[in-house]
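# Residue-level structural notes
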Amino acid sequence: MVDGAPAAESQDALLEAFAERLGAAREERLAQGVLALVGRLHDLIRDLRPTPDEFSAVLGFLTDVGHNTDARRQEWVLLADVLGVSTLVEDLSQSARGRATPSTIAGPFYRPDAPDLPDGADLCRDGRGQPLDIAGQISDLSGAPIPQAVVEIWHANAQGCYENQQPDLQPEFNLRGRFRADASGRFSCRTIRPGGYMLPKDGPVGILFQRLGLGLERPAHIHFRVAAPGFRTLVTHVFDRDDPAIGRDALFAVKPELLGEFRPVSDHPERFALAVRFFLAPETHP
Ligand SMILES: [Fe+2]
C-alpha cells in the first residue's frame, strides 16, 4: 500500500457502488437525499476515524433515542430540535416570507387532538397559576382580517411542565385548546401564565447535552398553530420577553417578532394580559 491511496480508492468505490444501486430508484428526490446523506456519512467517518467501539456507542445512542419515543414522548423530534436542524428547515422554507409571522418548530409536546373550545374559554383545568387573558387577531399580509381561522394553543404550566409530560399530575388536555376566530379574525381565551422549562434531561438527548456542557433551557412561551383555507398554516411561539433565559433558547426559536409582553392588568397585580397578532402568508407565497 502506498500513501494509503488504494484504501481511498476502495472508499470511493463503496460510494460509487451505492450510487449505482440507487440508479434504479423510482423516487428521485428520495434517492437524491439518501445519496447525499450517505456521501456525507462516508466523509464524516473518513474525517473522524471512529473506532469500532465509538461507532457502536453511536448506534447505541440512536437506539436509545428510538426507545425513548412513543405517543407521549418524541425524543427524535427533541434531537432534531436541539441540534438546530428543525429551525434550519423552517427558516429555509420561508426565506421570502415578507410580513408574515415567522414559523417556528412545533416542539416535542404538540398534540393534534386538542379539544374545540368556545371563544373566551379557559384552558386551565386545574386552577393553578397566575391568570392570563389572551386576545388575538389573525390577518393576511395586507393587514385584512382572516375570518374563521382555526387557532390551536398549547403551553406548559407555571412549573414549566406540559400535561403530556405529567399524565398523573395534570388533567388531560390541561392548557390546550382549539378555537375558531370570529368574522373579524379575532379570538380570545383565558389561561395561566406559563413558566420556562428545561428540556428533558433523563433521556439520551438530555444526557448527551449534559456531557457536552450544553444548556437545555427554554424561556417561557406559548405555542400557536393557525390554519385558514388559502393560507399557509402557521406554527409559531410567543415568548415572554422578560424571561431571563430569552437569549439562550435551547431550540433557537426566539425571533424579535415573536416577543410578547405579559402585561399586569391594572388593579389586578396577579392577573396578566397578552395581545398577539399573526400575519398569514397566502398558500401560493414563495
Ligand atoms: Fe414549548
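Structure's up top.
Residues numbered from 1 in each chain as written. Predicted model: local features only at pLDDT ≥ 70, side-chain atom pairs only at ≥ 80, totals over all residues.

### Here's the deal with the sheet that holds strand β8 (residues 234–240)
So the rule is basically this: Here the rule is simple: two strands pair whenever DSSP picks up at least two bridges between them. What counts as a helix is a DSSP run of H or I of at least four residues, what counts as a strand is a run of E of at least two, and both are numbered from the N terminus.
Judged by pairing direction, the sheet is mixed, and its five strands sit side by side in the order β3-β2-β7-β8-β9 without closing on themselves. Because the sheet does not close on itself, it has two edges, and the strands there are β3 (176–180) and β9 (259–260). Here β8 pairs with β9 via two bridges, running parallel. In the strand pairing of β9, Phe-239 is matched with Leu-259.

### Here we look at the pairing of strand β11 (residues 268–280)
Here strand β1 (residues 131–140) runs beside β11; their pairing, made up of nine bridges, is parallel. Residue pairing for β11: Leu-132 is matched across the bridge by Phe-272. In this structure, strand β10 (residues 263–265) lies alongside β11, joined through three bridges in antiparallel fashion. Looking at the pairing, Arg-263 lines up with Ala-273 of β11. Counting the residues that bridge the hairpin from β10 to β11 gives two residues, and of these Asp-267 lies at a positive phi of roughly 75 degrees.

### Overview of the packing of helix α4 (residues 75–82) against helix α6 (residues 204–212)
A pair of packed helices can be characterised by two numbers: the angle between their axes and the separation between those axes. Spelled out, the test is: Axis angles are defined between N-to-C directions and span 0 to 180 degrees, where every axis is a line fitted to C-alpha atoms and, for a helix, only to the segment in contact. Reported orientations rely on four angle classes, namely roughly parallel under 35 degrees, roughly antiparallel over 145, roughly perpendicular from 65 to 115, and oblique for the rest. Residues are treated as contacting if the C-beta atoms built from their backbones sit within 7 Å of each other. Three categories are distinguished: nonpolar for Ala, Val, Leu, Ile, Met, Phe, Trp, Tyr, Cys and Pro, charged for Asp, Glu, Lys and Arg, and polar for the others, with Gly belonging to the last.
Relative to each other, α4 and α6 sit at 30 degrees, their axes nearing to 9 Å. Relative to α6, the element α4 lies roughly parallel. Here Glu-75, Leu-78, Leu-79 and Val-82 of α4 lie close against α6, whose contacting residues are Pro-204, Val-205 and Phe-209. For the contact of α4 with α6, a count of residues per class yields six nonpolar, no polar and one charged.

### Quick look at the environment of Arg-73
Looking at the element boundaries, Arg-73 is found in the loop between α3 (52–67) and α4. Sequence spacing of Arg-73 and Phe-18 is 55 residues, and the spatial spacing of their C-alpha atoms is 35 Å.

### Thoughts on the packing of α3 against α6
Put simply, α3 and α6 touch, their axes get as near as 9 Å, and they point 135 degrees apart. What the angle tells us is that α3 and α6 run oblique. Mapping the contact onto sequence places Phe-61, Asp-64 and Val-65 in α3 and Pro-204, Val-205 and Leu-208 in α6. Looking at side-chain class alone, the contact of α3 with α6 contains five nonpolar, no polar and one charged residues.

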